[in-house]
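Structural description and commentary
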Amino acid sequence: MGDGDDTAKKVQEYKDTLIKKAEELIIKGFPEKIVKLNDLLATPEFAERNFTDVYQDLNIPVPDPIDLNNADGEKADSDEPGAKRARLDLSSVSGTKVMALPSGRVQCNTPICDLIKVVKPVIRALVEDSNLLKMWISFMIPKIEDGNNFGVSIQEDTLAEIQSVETEAAAFFDQISRYFVSRAKVVSKVAKYPHIDDYRRAVQELDEKEFLSLWLVLSEVRNRYCSLHDIVIKNMEKLKKPRSSNAESLY
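Residues numbered from 1 in each chain as written. Predicted model: local features only at pLDDT ≥ 70, side-chain atom pairs only at ≥ 80, totals over all residues. Heavy atoms only, no water.

It is worth spelling out the overall build of the chain at this point. In terms of regular secondary structure, the chain is built from seven helices and zero strands. Shown N-terminal to C-terminal, the secondary structure of the chain runs as helices and strands in the order α-α-α-α-α-α-α. The contacts of the chain with a sequence gap of at least 6 include a subset with a gap of at least 24, amounting to 87%. If you sum the accessible surface of the chain, you get close to 16300 Å²; carbon and sulfur atoms cover 54% of it. (Helix = DSSP H or I, 4+ residues; strand = E, 2+ residues; numbered from the N terminus. Contact = heavy atoms within 4.5 Å. Areas by Shrake-Rupley, 256 points an atom, 1.4 Å probe, with all protein chains shown as cover.)

If you walk through the whole model with that rule in mind, you get twelve salt bridges. In this structure, E23 engages K240 in a salt bridge whose closest nitrogen and oxygen atoms are separated by 3.3 Å. Here K240 lies in helix 6 (residues 236-240) and E23 lies in helix 1 (residues 2-41), a separation of 217 residues in the sequence. According to the relative accessible area criterion, K240 is partly exposed, its value standing at 41%. For K234, the salt bridge is made with D230, and the minimal N-O distance between the two is 3.0 Å. A residue pair is termed a helical-turn pair when its members lie 3 or 4 positions apart in one helix, as K234 and D230 do in helix 5 (residues 197-234) at four residues. According to the relative accessible area criterion, K234 is exposed, its value standing at 63%. Note on D230: relative accessible area 37%, which makes it partly exposed. (Salt bridge = Lys/Arg side-chain N within 4 Å of Asp/Glu carboxyl O. Buried < 20%, exposed > 50% of the residue type's maximum accessible area, 1.4 Å probe, protein only.)

What follows is about the packing of helix 4 (residues 150-192) against helix 5. In contact at an axis separation of 10 Å, helix 4 and helix 5 are set at 170 degrees when each is read in the N-to-C sense. Looking at the two axes, helix 4 sits roughly antiparallel to helix 5. (Axes fitted to C-alpha atoms, helices over the stretch in contact; angles between N-to-C directions. Parallel < 35°, antiparallel > 145°, perpendicular 65-115°, else oblique.)

This structure, assessed with the given rule, holds five aromatic pairs. For the pair F51 and F211, a centre-to-centre distance of 5.9 Å together with 90 degrees between the ring planes defines the contact as edge-to-face. On the criterion of sequence distance, the pair formed by F51 in the loop between helix 1 and helix 2 (82-92) and F211 in helix 5 is long-range, its members being 160 residues apart. Residue class for F51 comes out partly exposed when judged on its relative accessible area of 36%. (Phe/Tyr/Trp six-rings, centres within 6.5 Å; stacked < 30°, edge-to-face > 60°.)

Moving on, we come to the side chain of E210. By the element assignment, E210 lies in helix 5. This buried residue, E210, is left without a salt bridge; K209 holds the nearest opposite charge, at 7.5 Å. (Lys, Arg positive; Asp, Glu negative; His and termini not counted.)

The next point concerns the nonpolar core. The biggest cluster of nonpolar side chains holds 42 residues, and the ones touching the most others in it are L133, W136, V221 and Y225. Elements represented by at least two residues in this core include exactly helix 1, helix 3 (110-140), helix 4, helix 5 and helix 6. Among the elements that take part in this core, helix 3 stands out by supplying 13 residues, more than any other. Counting residues in each nonpolar core, the second largest holds seven residues, with L58, I60, V186 and A191 among its members. (Core = buried A, V, L, I, M, F, W, Y, C linked by side-chain atoms within 4.5 Å.)

With that settled, consider the side chain of R222. Checked against the element boundaries, R222 lands in helix 5. Buried charged residue R222 carries no salt bridge. Nearest counter-charge: E220, at 7.3 Å. Excluding residues within four positions of it along the chain, R222 makes contact with I34, L37, N38 and L41.

Let us look at the environment of Q175. By secondary structure assignment, the location of Q175 is in helix 4. Put simply, Q175 and E210 are 35 residues apart on the chain and 9.1 Å apart in space, counted from C-alpha to C-alpha. Residues in contact with Q175, not counting those within four places in the same chain, are E210, S213 and V217.

Before going further, it helps to spend a moment on the packing of helix 3 against helix 4. Any two packed helices are characterised by the angle at which their axes cross and by the distance between the axes. As a packed pair, helix 3 and helix 4 sit with axes 9 Å apart at the nearest point and diverge in direction by 155 degrees. Relative to helix 4, the element helix 3 is oriented roughly antiparallel. As helix 3 packs across helix 4, the resulting crossing turns out to be left-handed. Of the residues in the contact of helix 3 with helix 4, the class split is 19 nonpolar, six polar and four charged. (Left-handed = near helix turned anticlockwise from the far one by under 90°. Nonpolar A, V, L, I, M, F, W, Y, C, P; charged D, E, K, R; others polar.)

Next up, the structure:
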């Protein structure tokens with residue numbers, strides 16, 4: 001019995017600590033985060049930056065063109081019919097076997113990786129803060145009763161909004177990982193077909209897209225902090241006391 005009382009006491013202490021931490025986060029932490037993110041979005045790394053700033057040389061040189069008529073080291077017969085030579089040309093365009101890159105490894109895009117180092121902790125903080133708020137509201141939902149549930153519906157709607165933010169923030173991580181997979185596929189195309197400039201341009205376009213996505217993620221995180229702060233502050237009274245004592249005295 002003593003162990004049970006001690007466990008229940010520890011659980012209640014955890015709940016009380018979480019509630020206090022969540023309220024401090026809403027009142028003080030969220031405004032500070034919003035200001036910090038606005039300042040970050042105004043830095044040269046994100047504000048009005050040219051797309052060309054995130055370009056990076058692939059370190060994949062363009063090899064000398066191969067003389068298809070002399071690919072085997074033998075002089076082609078000048079009397080060979082033109083149609084036969086054309087068939088030889090078409091069948092020989094098969095790409096380059098990539099055993100090793102002549103200039104060494106192809107690095108990840110450094111400017112993009114630098115931005116990801118900044119954005120990732122911000123995403124993680126939003127996930128953790130959303131989780132904390134979710135538990136905070138869950139602890140304040142009263143037991144199920146008939147009538148006087150308007151305040152409870154406000155709690156449930158706010159909880160659903162917070163869960164949506166948490167899910168969206170977690171999805172930002174997936175977007176970052178997909179960028180690296182997509183870039184690796186296009187870079188491998190550059191390595192196999194080094195003469196085709198479109199693949200090289202595709203890498204630049206992908207880097208531009210990721211730069212814009214990271215700016216957008218940072219902006220969306222700022223917006224989510226603003227919306228969560230707004231909805232909680234406006235409904236703080238009902239969130240903390242969903243059933244008023246005046247209504248209860250009517251029964």
